[in-house]
Amino acid sequence: MKTVSIDDVAVNTALGIDLKNDAGSMILRRGTLLSAGMITRLRKIGIKELTVASIDSSELSAEREDLLDALRFRFKKVKDSPYLLELKRIAEKRLSV
Amino acid sequence: MLAKRKTVAKLDELLGRLDKLPPLPKSIQRINQMIDRRETTLDAVGQEIASDPALAIQVLQMVNSSFYGYAKEVSSVKHAVVLLGLNVIRTLVSSSWITSLVKGFSLGFHHHSLATARASFVISRSLGVGEPEQISTLGLLHDLGKVIMCRYLPLEFAAVTELAGRKHICFHEAEQRILGLTHAAIGAGLLVKWNLPDRTIIPIEYHHRDELPKTYEDETAVLMLANLIVRAEGLGYTGDEAMPQFHNIIAEQLDLKVDDLKMLSDEVCDCNRDIPRYIGAKMV
């Protein structure tokens with residue numbers, strides 16, 4: 001587990017510990033995969049840092065590399081469309097973090 | 001004009017060869033006919049669907065999919081009909097049968113169809129364009145022509161797949177070179193035969209073209225964008241490995257800026273996270 005700034009939390013990262021508010025009420029359970037919407041809402045309620053699960057297993061890295069290779073292959077011929085290049089950048093970032 | 005006539009003749013010839021294709025089941029035909037009649041009530045359509053338990057379950061499963069976002073579970077078909085309206089119900093009822101064809105085709109393809117349906121829904125809702133429920137049915141059906149081709153024109157399908165892979169081009173580009181028409185035209189041609197409404201047929205027919213139709217332009221542009229985002233994110237499998245072109249007409253029609261794509265892509269990925277579990281596959 002590691003504690004990171006909420007600005008550095010990637011979509012689909014698993015929450016490492018239960019997240020509770022100041023009154024002790026549960027906000028999100030440990031293990032929840034954080035969606036983009038969740039991260040935005042947490043930021044809005046003033047959460048600055050999150051403890052997330054470490055996901056450095058070699059299996060996951062290999063799968064991610066395969067997905068990145070497939071992504072780059074899909075976009076191999078895309079050279080000059082700003083919209084497609086942006087979609088590639090977004091998908092690449094989602095897989096890379 | 002001559003080229004268009006040739007394309008129509010080719011489509012008729014190909015559709016004519018689909019003689020093994022089963023017709024829409026009688027219960028679905030009956031519901032579609034009811035919806036076509038002016039005097040039909042929502043109650044009557046709900047009752048007709050409810051009288052076919054398998055169909056009723058499928059309609060309830062679809063309306064309760066997380067992407068429609070209804071706060072409470074919809075437990076009666078009558079309620080589903082009221083919520084969605086007759087046009088959407090007609091497409092969903094026909095889709096329920098077509099989906100059974102898609103499921104048998106490939107899990108990856110089923111994943112792509114569902115993901116595009118959900119993407120169409122969230123894009124329509126986020127941009128305030130069209131009716132999300134209606135537009136989502138377009139995503140579900142947009143690649144129907146591929147399923148039909150694979151199942152009923154296997155030699156042509158194999159040749160198209162081989163060419164698309166060898167040249168690293170899109171499936172529809174390979175289809176155009178080999179068949180002179182695309183799965184979009186085949187799927188639309190079939191939907192015409194099954195009497196689905198123009199608002200469903202036209203966007204599907206145009207979803208790979210570099211122009212928008214004269215009607216249902218918004219719906220077509222949303223479907224095109226949904227397909228591109230789903231493919232960029234690698235959600236499901238479409239039979240080819242190359243990204244389709246982004247036609248500027250999409251941006252013009254939807255008043256879409258490059259910077260808008262991050263929010264839309266995030267929403268599309270969010271609403272699709274449960275699909276592998278939904279279709280019973282770990283990776284597709």
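Residues numbered from 1 in each chain as written. Chains lettered and ligands numbered in written order. Predicted model: local features only at pLDDT ≥ 70, side-chain atom pairs only at ≥ 80, totals over all residues. Heavy atoms only, no water.

Chemist: Go over the overall build of chain A with me, naming the residues and quoting the values.
Modeler: Secondary structure summary: chain A contains 3 helices and 4 strands in total. The order of helices and strands in chain A, counted from the N terminus, is β-β-β-α-β-α-α. For chain A, the residues scored as buried account for 36% of the 97 residues in total. As presented, chain A carries roughly 6100 Å² of accessible surface, and 51% of it is formed by carbon and sulfur atoms. (Helix = DSSP H or I, 4+ residues; strand = E, 2+ residues; numbered from the N terminus. Buried < 20%, exposed > 50% of the residue type's maximum accessible area, 1.4 Å probe, protein only. Areas by Shrake-Rupley, 256 points an atom, 1.4 Å probe, with all protein chains shown as cover.)

Chemist: Summarise unusual backbone geometry; cite the residues concerned and give the values.
Modeler: All names here are of chain B. Not every positive phi belongs to a glycine, and histidine 168 is a case in point at roughly 50 degrees. Relative to the elements of secondary structure, histidine 168 occurs in the loop between helix H10 (154–167) and helix H11 (171–179). According to the relative accessible area criterion, histidine 168 is buried, its value standing at 7%. Phi is positive for tyrosine 216, which is not a glycine, with a value near 55 degrees. Secondary-structure assignment places tyrosine 216 in the loop between helix H13 (198–206) and helix H14 (217–232). Accessibility expressed as a relative area gives 28% for tyrosine 216, which makes it partly exposed.

Chemist: Could you give an account of the packing of aromatic side chains, naming the residues involved and the relevant values?
Modeler: Residues and elements named next belong to chain B. Going through the model one piece at a time under the given rule, you end up with 2 aromatic pairs over all chains. Aromatic pair phenylalanine 157 and phenylalanine 171: ring centres 5.4 Å apart, planes at 50 degrees, arrangement tilted. Here phenylalanine 171 lies in helix H11 and phenylalanine 157 lies in helix H10, a separation of 14 residues in the sequence. Take phenylalanine 157: its relative accessible area is 15%, and that puts it in the buried class. Exposure remark for phenylalanine 171: the relative accessible area of 0% places this residue in the buried category. Between lysine 146 and the ring centre of phenylalanine 171, over which it is positioned, the NZ or CZ distance is 4.9 Å. (Phe/Tyr/Trp six-rings, centres within 6.5 Å; stacked < 30°, edge-to-face > 60°. Lys NZ or Arg CZ within 6 Å of the ring centre and 35° of its normal.)

Chemist: Residue-level account of the interface of chain A and chain B, with values.
Modeler: Facing 23 residues of chain A, the contacting portion of chain B comprises 27 residues. On the chain A side of the interface with chain B, the three residues burying the most area are A:Arg74, A:Tyr83 and A:Leu87, jointly 35% of the side's total. Along the contact surface separating chain A from chain B lie 2 salt bridges. Where B:Asp266 meets A:Arg94, a salt bridge forms, and the shortest distance between an N and an O atom there is 2.9 Å. Summed over the shared surface of chain A and chain B, the number is 11 residue pairs in polar contact (both at pLDDT 80 or more). Looking at the side of chain A that touches chain B, the elements with two or more residues in it are helix H1 (36–44), helix H2 (58–74) and helix H3 (82–96) of chain A. At 8 residues, H3(A) tops the list of elements feeding residues into the side of chain A that touches chain B. A class-by-class count of the residues in the side of chain A that touches chain B yields 13 nonpolar, 4 polar and 6 charged. (Contact = heavy atoms within 4.5 Å. Buried area = accessible area lost by both parts, 1.4 Å probe. Salt bridge = Lys/Arg side-chain N within 4 Å of Asp/Glu carboxyl O. Polar contact = N/O pair within 3.5 Å; in protein donor to acceptor, adjacent residues only side chain to side chain. Nonpolar A, V, L, I, M, F, W, Y, C, P; charged D, E, K, R; others polar.)

Chemist: Any chance you could break down the environment of B:Arg37 for me, citing the residues and the numbers?
Modeler: Residues and elements named next belong to chain B. Note that arginine 37 resides in the loop between helix H2 (26–36) and helix H3 (42–50). On the basis of relative accessibility, which here comes to 42%, the residue arginine 37 falls in the partly exposed class. A C-alpha to C-alpha distance of 24 Å links arginine 37 and methionine 62, two positions 25 residues apart in sequence.

Chemist: Requested: an account of helix H12 (residues 183–193) of chain B, with residues and values cited.
Modeler: Since there are 3.6 residues in each turn of an α-helix, residues three or four apart along the chain are aligned in direction. With 9 of its 11 residues buried, H12(B) lies for the most part within the structure. Every buried residue of H12(B) is listed here: B:His183, B:Ala184, B:Ala185, B:Ile186, B:Gly187, B:Ala188, B:Gly189, B:Leu190 and B:Leu191.

Chemist: Just give me the short version of the confidence of the model for chain B, but keep the residues and values in it.
Modeler: Per-residue confidence for chain B averages 84 on the pLDDT scale, and 86% of its residues sit at or above 70. Scored as a complex, the prediction yields pTM 0.74 and ipTM 0.80. (pLDDT = per-residue confidence, 0-100.)

Chemist: Summarise the nonpolar core; cite the residues concerned and give the values.
Modeler: One finds B:Ile49 and B:Leu225 to be the most contacted residues of the largest nonpolar core, which totals 90 residues. The leading source of residues in this core is H14(B), at 10 residues. Beyond its immediate sequence surroundings of up to four residues, B:Leu225 is in contact with B:Ile123, B:Phe246, B:Ile250, B:Leu254, B:Leu256, B:Leu261 and B:Leu264. Residues A:Val4, A:Val9, A:Ala36 and A:Ile39 belong to the second largest nonpolar core, which totals 14 residues. (Core = buried A, V, L, I, M, F, W, Y, C linked by side-chain atoms within 4.5 Å.)

Chemist: Describe the environment of B:Gly145, and please don't skip the residues or the numbers.
Modeler: Residue and element names in this part refer to chain B. Its location among the elements puts glycine 145 in helix H9 (residues 144–152). What makes glycine 145 buried here is its relative accessible area of 0%. Sequence separation of glycine 145 and leucine 190 is 45 residues, and the distance between their C-alpha atoms is 8.0 Å. In this view, glycine 145 contacts His183, Ile186 and Gly187; residues no more than four positions away in its chain are not counted.

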